[in-house]
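Fold and contact review
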Amino acid sequence: MNKIVSNIKKYKKECILAPVCKLTEALLELLVPLFVADIINRGVNGGDTKVVITDAIIMVALALFGFGFSVLGQFFSAKAATGFSSEIRSSLYKKLLAAPLSATDEMGVSAMLTRMTSDVNQMQSGLNIALRLLLRSPFVVAGAFVCALLIDAEISLIFLATIAVLSVVVAIIMKITMPKYVKAQKMLDDVALSARENLTGVRVIRAFGAENDEIAAYEQKNGRLEKFQNAAGKISSLLNPLTFTIINFAIIALLWGGAIKVNSGALSQGMTVALYDYMSQILVELVKFANLVVSISRALASAKRVRAALDLPDEKDEIPSSDSSDEYIEFKNVSARYADGSMGVKNVSFKVKKGETIGIIGGTGSGKSTVVNLLSRLYDVTDGAIFLDGKDIRSYSLKELRKKIGAALQRPAIFKGTFRSNVLPLGGSDETLGYAVDVAQARDVVNAKENGYDSVLEQNGRNLSGGQKQRISVARAIAKRPEVLILDDSSSALDYLTDLKLRRAIKSLAHPVTTFIVSQRASSVSGADKIIVFDEGEIVGIGTAEELEKSCSVFREIVASQTGGEKNE
């Protein structure tokens, strides 16, 4: 919770001033029944008009001052709550970008988004109402009891019993509802995930005519969430009627006991009315406190989920290592597991000279992408070590390592903006931009748009084809002028001719680039200096295309499946 509390500390002044203002308002309210009693006793019963006028003016002044303090309290609590929620959202966003992919993969994007929206909103609401009522309501209840005690000790026992019974009721309902709100937020994650999947995959759903099935599945999840929230809400809704019932019985007991004392002369009519006013104040404040309990229950449930996200580890930066290698790149007995414990790659070893082009091929799920993700430390090795330029990659800072590597990954990420902002996200010259676009064979993509480099690209590249998005992604990687270039199935949507031109352009770059081409196409890796064949997370063959045709049955099967049994030329 320290990470959450640290965000509240930034608004320490508001968090102090808000309760102080509300407590001052409450104190002024506690004085009002005493003036009402004075008006009845000395003004009405005593026939003193001056007392009535004087006390009425004082009560109006108390109301005006109370209103002023109330407004100030609302202002400070709202400022603290909105500022706190803004800080928490920023912290969650930074964590999302800083956490290892293995951790965010396990939590899920939809769960992170729910935490940044619904959970933070619940925390904001909870903090806002807590600053206003968490001290004010108990203060009014305790103050009303003390005032009743000073007026009549016997009658005050009714107040004490009422407060005790109500406290037990609130505690029981809070204990029941809080775990339910935690579960409800988890169910909300599932609903959000379902909506996200359906919206991103809407074309596939429509292509298969599966709209009704997906709507039914979504409504089923949403219905379960609705029923569960209704069940939790019903329990929470018991607070108000139970509170009113208990208070009304207390008022009956108060009036009955007060009437007896008035008849005997032990208590004045004015003081009886004052006691009734204090009981009414307790009623109002306990109703507020009941709603406060519900809001805080939800806020605490959400805070636990936010804390779990904030407690995700950051990517490990430099890890000192004395190991070294004579090769430019070397994988030495590398193994890696996914977050669920399944094996990604196992005992992978190979060496790469500077400037070589390495082809990586294999079936779906064979570990091809895992290998190149390990090189850029998107995931870390479980066993073994990877060396770059003679040093263990864990000895580099992440910034230094990734500066050396340019990557166009399987799913091209196109951000809302322009060609320029997508290819040069950190800025750069038109010369660099043109160079990268030409090498990536994306010149025709740019020319087809009216405003050239400054043409608008929609989110996820909705106004681009699959092949166009891939070429923009490749251009972004090349614009870094990296020492190592990773093309992870980044030409799968390209025609064979464009794919060939792209590989030739990369091969003829002025500066030596060590290139990894990950592909399921045998033709895409056939010209590589070395081809590494993967099967079920292990290397089953290394060599040129000609060598692998003779020595590797998996490679022969891949080639045969793509050439109709004819040898790939």
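Reference entry: report on the structure contained in this document. Model, not experiment: these values are computed from the prediction.

Parameters and conventions
- Residues numbered from 1 in each chain as written.
- Predicted model: local features only at pLDDT ≥ 70, side-chain atom pairs only at ≥ 80, totals over all residues.
- Heavy atoms only, no water.
- Helix = DSSP H or I, 4+ residues; strand = E, 2+ residues; numbered from the N terminus.
- Rg over C-alpha atoms; globule rule 2.2 N^0.38 Å.
- Buried < 20%, exposed > 50% of the residue type's maximum accessible area, 1.4 Å probe, protein only.
- Contact = heavy atoms within 4.5 Å.
- Areas by Shrake-Rupley, 256 points an atom, 1.4 Å probe, with all protein chains shown as cover.
- Lys, Arg positive; Asp, Glu negative; His and termini not counted.
- Charge placed at Lys NZ, Arg CZ, Asp CG, Glu CD.
- Phe/Tyr/Trp six-rings, centres within 6.5 Å; stacked < 30°, edge-to-face > 60°.
- Lys NZ or Arg CZ within 6 Å of the ring centre and 35° of its normal.
- Salt bridge = Lys/Arg side-chain N within 4 Å of Asp/Glu carboxyl O.
- Pairing = 2+ DSSP bridges.
- Axes fitted to C-alpha atoms, helices over the stretch in contact; angles between N-to-C directions.

**Comments concerning the overall build of the protein chain**
Assigned secondary structure in the protein chain consists of 21 helices and 12 strands. The C-alpha atoms of the protein chain give a radius of gyration of 35 Å, which is well past the 25 Å a tight globule of 569 residues would have. With the C-alpha coordinates aligned to their principal axes, the bounding extent of the protein chain is approximately 115 × 55 × 45 Å. Looking at the protein chain as a whole, 46% of its 569 residues qualify as buried. Counting contacts in the protein chain only where the partners sit at least 6 residues apart, residues at least 24 apart contribute 76% of the total. Of the accessible surface of the protein chain, which amounts to about 28,600 Å², a share of 58% is contributed by carbon and sulfur atoms. Between the mean site of the 67 positive side-chain charges and the mean site of the 60 negative ones, the protein chain shows a separation of 3 Å.

**What about the packing of aromatic side chains?**
Describing an aromatic ring pair means giving the distance of the ring centres and the angle of the ring planes. For the structure shown, the criterion picks out two aromatic pairs. Judged by centre distance (5.4 Å) and plane angle (65°), the ring pair of F75 and F76 falls under edge-to-face. On the numbers, 4.5 Å between centres and 15° between planes, the contact of F331 with F350 is stacked. Separated by 19 residues along the polypeptide, F331 in strand β1 (residues 329-337) and F350 in strand β2 (residues 343-352) bring together distant segments of the chain. The class of F331 is buried, set by a relative accessible area of 2%. Lying across the ring of Y396, K391 places its NZ or CZ 4.3 Å from the centre. Between R481 and the ring centre of Y435, over which it is positioned, the NZ or CZ distance is 4.1 Å.

**Brief notes about the pattern of salt bridges**
Here the structure, examined in full by the defined rule, presents 24 salt bridges. A salt bridge links D314 to K95; its shortest N-O distance comes to 2.7 Å. Taken together, the positions of D314 in the loop between α11 (269-310) and β1 and K95 in helix α3 (residues 49-98) put the pair 219 residues apart, joining distant regions of the chain. Beyond isolated ion pairs, a larger network of salt bridges with shared partners links K22, E25, E29, R136, E285 and K288.

**Some points on the sheet that holds strand β6 (residues 405-408)**
The mixed open sheet is built from six strands, whose spatial order is β6-β9-β10-β3-β11-β12. The strands lining the two open edges of the sheet, one partner per strand, are β6 and β12 (538-543). The average angle at which neighbouring strand axes cross in this sheet is 15°, direction not considered. As paired elements, strand β3 (residues 357-362) and strand β11 (residues 530-535) share five bridges and run parallel to each other. Within the sheet, the bridge partner assigned to I360 lies in β11 and is I532. Here helix α21 (residues 553-563) sits on the sheet in contact with β3, β11 and β12, set at roughly 95° to β11.

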